[in-house]
Amino acid sequence: MPKHLDLVGYRGTGKTTVGRLLAAAVGRPFVDLDERIETAAGMTIADIFAAEGEPGFRDRESAALRAASAEPPAVIATGGGIVLRPENRAVIRETGWVAWLTAPAEDLWARIQADAATASRRPKLAGGGRDEVTKLLAVREPLYREVADLRMETAGLSPDAVAAAILASWNS
């Protein structure tokens, strides 16, 4: 069994919430890469994007992934765009068992709008709203699929139900 249980998926799919539940269930540390990046930088992801642009953030994200992947077994919640870089996809595949959390674009858009942390800590969507979510999903879904051991639909399920389904697949 690979050492890490990695969660990938678009913003709003529940990676952090489900990741905390999974970590508690399997007795492993929980690593939220976005939180690690913010702590190390001393600023929010939105501020990193503003100061360094997306390339600067993606460099930090890649470094955080490499560091976390070299640590003892954990549950790792990645950022939604981590799959954009081929080197990140390679690290994820080599060091973890990967659950891809997914939901329809309209559900994700509603969750993003309802999440106060998204507004204060995450870079704003470029203004396209639900259409932008749909476009980004179209680009990222093949990359999520490339790394995933399991595709887990989260729409209509509680975080506990999602975590239980992931654990059942991971343990089989």
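Structure shown above.
Residues numbered from 1 in each chain as written. Predicted model: local features only at pLDDT ≥ 70, side-chain atom pairs only at ≥ 80, totals over all residues. Heavy atoms only, no water.

S.K.: Explain the sheet that holds strand β2 (residues 30-32) here, please?
M.R.: Picture the strands of a sheet paired through backbone hydrogen bonds; they go either parallel or antiparallel. If you walk across this open sheet you meet the five strands as β2-β3-β1-β4-β5, and the pairing is parallel. The two strands at the open ends of the sheet, each matched to only one other strand, are β2 and β5 (150-153). Across the sheet, the axes of successive neighbouring strands diverge by a mean angle of 25°, strand direction being ignored. On the sheet, helix α7 (residues 129-147) packs against β1 (4-9) and β4 (96-102) and is oriented at approximately 145° with respect to β4. (Pairing = 2+ DSSP bridges. Helix = DSSP H or I, 4+ residues; strand = E, 2+ residues; numbered from the N terminus. Axes fitted to C-alpha atoms, helices over the stretch in contact; angles between N-to-C directions. Contact = heavy atoms within 4.5 Å.)

S.K.: I'm lost on the nonpolar core in this one. Help?
M.R.: Side chains of a nonpolar character, in soluble globular proteins, are inclined to be buried together. In this structure, Val 8, Tyr 10, Leu 33, Ile 92 and Val 133 are the most contacted members of the largest nonpolar core, which totals 28 residues. Contributing elements (two or more residues each) for this core: α2 (33-41), α3 (45-69), α4 (86-95), β4, α5 (105-114) and α7. Element by element, the count of residues in this core is highest for α3, at six residues. If we skip the residues at most four places from it in the chain, Ile 92 touches Asp 6, Val 8, Leu 65, Ile 82, Val 98 and Val 147. Leu 7, Trp 97, Leu 101 and Leu 150 belong to the second-largest nonpolar core, a separate cluster that totals 16 residues. (Core = buried A, V, L, I, M, F, W, Y, C linked by side-chain atoms within 4.5 Å. Buried < 20%, exposed > 50% of the residue type's maximum accessible area, 1.4 Å probe, protein only.)

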